[in-house]
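Here is what each chain is made of, one letter per residue.
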Amino acid sequence: SFTSFLRNSELSSTTNTLLAGINAARGAAMKAGSFAMVVPKDGSNWSSGWIVFVDKDLSQSFDATKDEVVLERGAPSTFIAVSGTGPAAESSPYILFNGSGYPKLKSGGFGAFTFSLARNDVPSAQQNEQTRRLIVAAAGRTRSCRPSTDTTCTASATE
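Predicted model, so just to flag it, every value in this text is computed and none were measured. Position labels on residues start from 1 in each chain and follow its written sequence. The predicted origin of the model limits local features to residues at a pLDDT of at least 70 and limits the giving and counting of side-chain atom pairs to 80 or more, whereas totals for whole chains, interfaces and linings rest on all residues. Remark: hydrogens and water are excluded; side-chain values derive from all non-hydrogen atoms of the structure.

S.K.: I tried to follow helix α1 (residues 2–32) on my own but got confused; where do I start?
M.R.: Structurally, the α-helix is built with 3.6 residues per turn, so residues lying three or four positions apart point the same way. The first and last C-alpha atoms of α1 sit 44 Å apart over 31 residues, in line with the 45 Å expected at 1.5 Å per residue. Here a strand is any run of E in DSSP of at least two residues, a helix any run of H or I of at least four, and the numbering for each starts at the N terminus. Directly beyond the C-terminal end of α1, a positive phi value near 65 degrees is found at Gly33. To estimate the expected span of a helix, subtract one from its residue number and multiply by 1.5 Å.

As structure tokens, then:
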């Protein structure tokens, strides 16, 4: 039971850290009245960590010499897999908020998305219990949930 508690704690901590990064990006966008983004540190894989920044040059990509870094997070533990849907699942994944705090797509329009964080070191029977989701609605509302106990905790963000 202590192992289960420890696993749950590690997964919850990583989930809350990513949630804080997403909320920091939204808050920075509204404070600056400009675009703010969250992108993977390596540009393609959320498991490498992430960078939250205000997109000062409006390039819709991270440029360390021009953009204002809000926060950086190193890679989560290797036994936690992080994946996304929508813009967070593209070949160059991203989360983009406009100055009003709405999640946007680079191509225009608003974009809801979901992150799944799952332990990959547990038996398949425990996989659902050891999964968390972050859901960001098109209006910018963000929440975390457990699919094992919340029937509204789905991988498609339609709220």
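S.K.: How do you make sense of the state of the cysteines when you look at a structure like this?
M.R.: Here a disulfide denotes one covalent bond, and it connects the sulfur atoms of two cysteines. Only a pair of cysteine sulfur atoms within 2.5 Å counts as a disulfide in this structure description. Under the defined criterion, the tally for this structure stands at one disulfide. Between the sulfur atoms of Cys145 and its disulfide mate Cys153 the distance is 2.1 Å. Where Cys145 bonds to Cys153 through sulfur, the torsion about that S-S bond is close to 75 degrees, and the disulfide is right-handed.

S.K.: Just to check I follow, could you spell out the side chain of Ser116 for this structure?
M.R.: Tracing the sequence through the fold places Ser116 in strand β7 (residues 113–119). Ser116 sits in the buried class, given a relative accessible area of 17%. Polar contact criterion, stated in full: a pair of N or O atoms within 3.5 Å, where within protein one must be able to donate a hydrogen and the other to accept it, and residues adjacent in sequence count only if both atoms are side-chain atoms. A polar contact of 3.1 Å, which involves the side chain of Ser116, links it to the side chain of Arg133. Beyond its immediate sequence surroundings of up to four residues, Ser116 is in contact with Ala81, Val82, Ser83, Arg132 and Arg133. Whether a residue is buried, partly exposed or exposed follows from its accessible area with a 1.4 Å probe, protein chains only, as a fraction of its type maximum: under 20%, in between, or over 50%, in that order. Whether two residues are in contact is decided by their heavy atoms, any of which lying within 4.5 Å being enough.

S.K.: Explain the environment of Thr78 to me, please; I cannot follow it from the model alone.
M.R.: Along the chain, Thr78 turns up in the loop between β3 (68–73) and β4 (80–84). On a C-alpha basis, the gap between Thr78 and Glu68 in space is 28 Å, while along the polypeptide they are ten residues apart.

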